[in-house]
Amino acid sequence: MSERHGIFIRVEVEESVRGDAALARRLEEACPVDIFAATDGRVEIVESNLDECVLCELCLDAAPPGTVRVVKRYDGDAALERTA
Ligand code: SF4
């Protein structure tokens, strides 16, 4: 699991999907505050934007179940996720 974290929010992406170019594009398009970037066909997390997360869950809808988690560090690490 790769993860990047801000002060309030941590985003985790399963290693197995980091190299999925189509998913990288979907995540880049889905997130309204540009937390995901499709860089060289890989899912990159833009650390400097993490704390802009609005908890909209659009990234969870765009990704296969269980591959992306949004963790609220300020709330005891409560996680937003889709399970399979
Ligand atoms: S929950 Fe919304 S704002 Fe937060 S990372 Fe996912 S798509 Fe971006």
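Nothing here was measured: the structure is a model prediction, and the numbers come from that model.

Rules of the game
- Residues numbered from 1 in each chain as written.
- Predicted model: local features only at pLDDT ≥ 70, side-chain atom pairs only at ≥ 80, totals over all residues.
- Heavy atoms only, no water.
- Pairing = 2+ DSSP bridges.
- Helix = DSSP H or I, 4+ residues; strand = E, 2+ residues; numbered from the N terminus.
- Axes fitted to C-alpha atoms, helices over the stretch in contact; angles between N-to-C directions.
- Near = heavy atom within 4 Å.
- Nonpolar A, V, L, I, M, F, W, Y, C, P; charged D, E, K, R; others polar.
- Core = buried A, V, L, I, M, F, W, Y, C linked by side-chain atoms within 4.5 Å.
- Buried < 20%, exposed > 50% of the residue type's maximum accessible area, 1.4 Å probe, protein only.
- Contact = heavy atoms within 4.5 Å.
- Salt bridge = Lys/Arg side-chain N within 4 Å of Asp/Glu carboxyl O.

K.L.:
Would you mind going over the sheet that holds strand 1 (residues 2-5) with me for this structure?
P.N.:
Hydrogen bonds along the backbone pair up the strands of a sheet, which may run parallel or antiparallel. Strands sit in the order 1-2-5-6 across an open sheet of four strands; the sheet is antiparallel. Unpaired on one side and paired on the other, strand 1 and strand 6 (78-81) mark the two borders of the sheet. Taken pair by pair, the neighbouring strands of this sheet meet at an average axis angle of 20 degrees, ignoring direction. Inspection of the sheet shows strand 1 paired to strand 2 (residues 9-13) by four bridges, in the antiparallel sense. Bridging across to strand 2, histidine 5 finds its partner in arginine 10.

K.L.:
In this structure, what is going on with the site of the ligand? I would like to understand it.
P.N.:
Taken together, Cys31, Pro32, Val33, Ile35, Phe36, Cys53, Val54, Leu55, Cys56, Glu57 and Cys59 make up all the residues around the ligand. Looking at the shell around the ligand residue by residue, the classes come out as 10 nonpolar, no polar and one charged.

K.L.:
Just to check I follow, could you spell out the nonpolar core for this structure?
P.N.:
General note: in soluble globular proteins, nonpolar side chains tend to be found buried as a group. Counting 20 residues, the largest nonpolar core has Val11, Val13, Leu27, Phe36 and Val68 as the members making the most contacts within it. For this core, the elements supplying multiple residues, two or more each, are strand 2, helix 1 (21-30), strand 4 (42-45), helix 2 (58-62) and strand 5 (68-72). In contact with valine 68, other than residues within four places in its own chain, are Glu12, Val13, Leu27, Phe36, Cys59, Leu60, Ala63, Leu80 and Glu81.

K.L.:
Could you clarify how one ought to interpret the pattern of salt bridges in this entry?
P.N.:
Pairs may arise between side chains of opposite charge once their charged atoms sit close together. Inspection of the entire model under this criterion finds nine salt bridges. The salt bridge involving glutamate 57 is made with arginine 82; its shortest N-O contact spans 2.8 Å. Of this pair, glutamate 57 sits in the loop between strand 4 and helix 2 while arginine 82 sits in the segment after strand 6, and the two are 25 residues apart along the sequence. Owing to a relative accessible area of 25%, glutamate 57 belongs among the partly exposed residues under this scheme.

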